[in-house]
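Single-letter residue listing:
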Amino acid sequence: KTQKKGIVYYTHNELDPVIAQTARDVLMRSVNGHSIVSVSLKPVQLGKNIVLEREKGYETYLRQILAGLEASDADWVFMAEHDCIYPPEAFSFFPVKRDRYYYNTNVVKVRYDDGHVVSYDNCLQVSGLCAHRELLIQHYKKRIERFHEDGDRYDRRIGYEPGMRPTSRGGIDDF
């Protein structure tokens, strides 16, 4: 069976409109035919759009990602954030292990106001995450459960990115 790749894009719709539209336009030129599920707090014209009627916040962020993962029909999913520019090469990677999180660690950040540029060689962020969709669904369901167990607040001990903290150090899982 051919393994299908897809993209889950998420936004709170509060980004500068010029940045948001530029990022979406570049994403559409870079997807290499992969499906896109976008999850937003207001409608956007990008792939299959799901609108969550929620207030911006950490739980909403988690629920947006989970909704996009559950709506995707891809086997492998790349996460895409609303303020990132993704070249076509970002989606050409093909993971091999279903029990691993993969990160595109080559990141360049540009400050919009003045064009200041910084690059990183080992930047691990959700915006560069790729993994098997079922592994991500399992992870984000556990993360939402943990959020509620922790009194509906983000606990820094678990980390932000999947796979960055083992359960022995407060993480969600050991993948």
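For the structure itself, look to the data block above.
First, a word on scope: everything that follows refers to the structure included in this document. Every value quoted in this text rests on a predicted model; they were computed, and no experiment measured them. (Residues numbered from 1 in each chain as written. Predicted model: local features only at pLDDT ≥ 70, side-chain atom pairs only at ≥ 80, totals over all residues. Heavy atoms only, no water.)

Right, let's talk about the pairing of strand β7 (residues 117-120) for a bit. Remark: a regular strand shows side chains that alternate across the two faces of the sheet. Looking at chain direction, strand β6 (residues 107-110) and β7 are connected through four bridges and run antiparallel. Following the sheet pairing, V107 is matched in β7 by Y120. Between the antiparallel neighbours β6 and β7 lie six residues, among them G115 with a positive phi of about 80°. (Pairing = 2+ DSSP bridges. Helix = DSSP H or I, 4+ residues; strand = E, 2+ residues; numbered from the N terminus.)

Another point: the packing of aromatic side chains. Under the definition given, this model contains 11 aromatic pairs. Consider the rings of Y10 and Y61, whose centres lie 5.7 Å apart with planes at 75°: the pair is edge-to-face. Residue Y10 is found in strand β1 (residues 5-10), and its partner Y61 is found in helix α2 (residues 58-71); the two are separated by 51 residues along the sequence. Accessibility classification places Y10 together with Y61 in one group, the buried group. A centroid spacing of 5.5 Å and a plane angle of 35° characterise the contact between Y86 and F91, whose relative ring orientation is tilted. With respect to burial, Y86 and F91 carry one shared label: buried. (Phe/Tyr/Trp six-rings, centres within 6.5 Å; stacked < 30°, edge-to-face > 60°. Buried < 20%, exposed > 50% of the residue type's maximum accessible area, 1.4 Å probe, protein only.)

Attention now goes to the pattern of salt bridges. Under the criterion given, the structure shown has nine salt bridges. Counted as one network, the salt bridges with shared partners bring together R54, E59 and R63. (Salt bridge = Lys/Arg side-chain N within 4 Å of Asp/Glu carboxyl O.)

Let us look at empty space enclosed by the protein. Scanning the model with the defined rule gives one cavity of 30 Å³ or more in all. Empty space within the largest cavity amounts to approximately 30 Å³. Grouping the amino acids of the lining of the largest cavity by side-chain chemistry returns four nonpolar, three polar and four charged. (1 Å grid on protein atoms, 1.4 Å probe; cavity = no way out; pocket = protein on both sides within 12 Å on 5 of 7 lines; lining within 4 Å. Points joined across faces, edges and corners; volume = space filled by probe spheres on them. Nonpolar A, V, L, I, M, F, W, Y, C, P; charged D, E, K, R; others polar.)

On to the packing of α2 against helix α3 (residues 133-149), then. How two helices sit against one another is set out by the angle between their axes and by the gap between those axes. Packing of α2 against α3 leaves a shortest axis separation of 9 Å and a crossing angle of 155°. It follows from the interaxial angle that α2 and α3 lie roughly antiparallel. Where α2 crosses over α3, the two elements pack in a sense that is left-handed. Where α2 approaches α3, its residues Y58, E59, L62, R63, I65, L66, L69 and E70 are matched on the opposing element by R133, L136, I137, Y140, K141, R143, I144, F147 and H148. Across the contact of α2 with α3, the residue classes break down as 10 nonpolar, one polar and six charged. (Axes fitted to C-alpha atoms, helices over the stretch in contact; angles between N-to-C directions. Parallel < 35°, antiparallel > 145°, perpendicular 65-115°, else oblique. Left-handed = near helix turned anticlockwise from the far one by under 90°. Contact = heavy atoms within 4.5 Å.)

Looking at the largest pocket, its volume works out to about 950 Å³. Along its surface, the largest pocket is lined by 36 residues, and D83, C84, I85, V107 and V108 are the ones closest to its centre. Taken together, the elements giving at least two residues each to the lining of the largest pocket come down to α1 (17-30), β4 (76-81), β5 (101-103), β6 and β8 (129-132). When grouped by side-chain class, the residues that make up the lining of the largest pocket number 24 nonpolar, six polar and six charged. Of the volumes computed, that of the second largest pocket is approximately 240 Å³. Broken down by element, the residue count for the lining of the second largest pocket peaks at four residues, all from α2. Each residue belonging to the lining of the second largest pocket can be placed in one class, and the counts come to four nonpolar, six polar and three charged.

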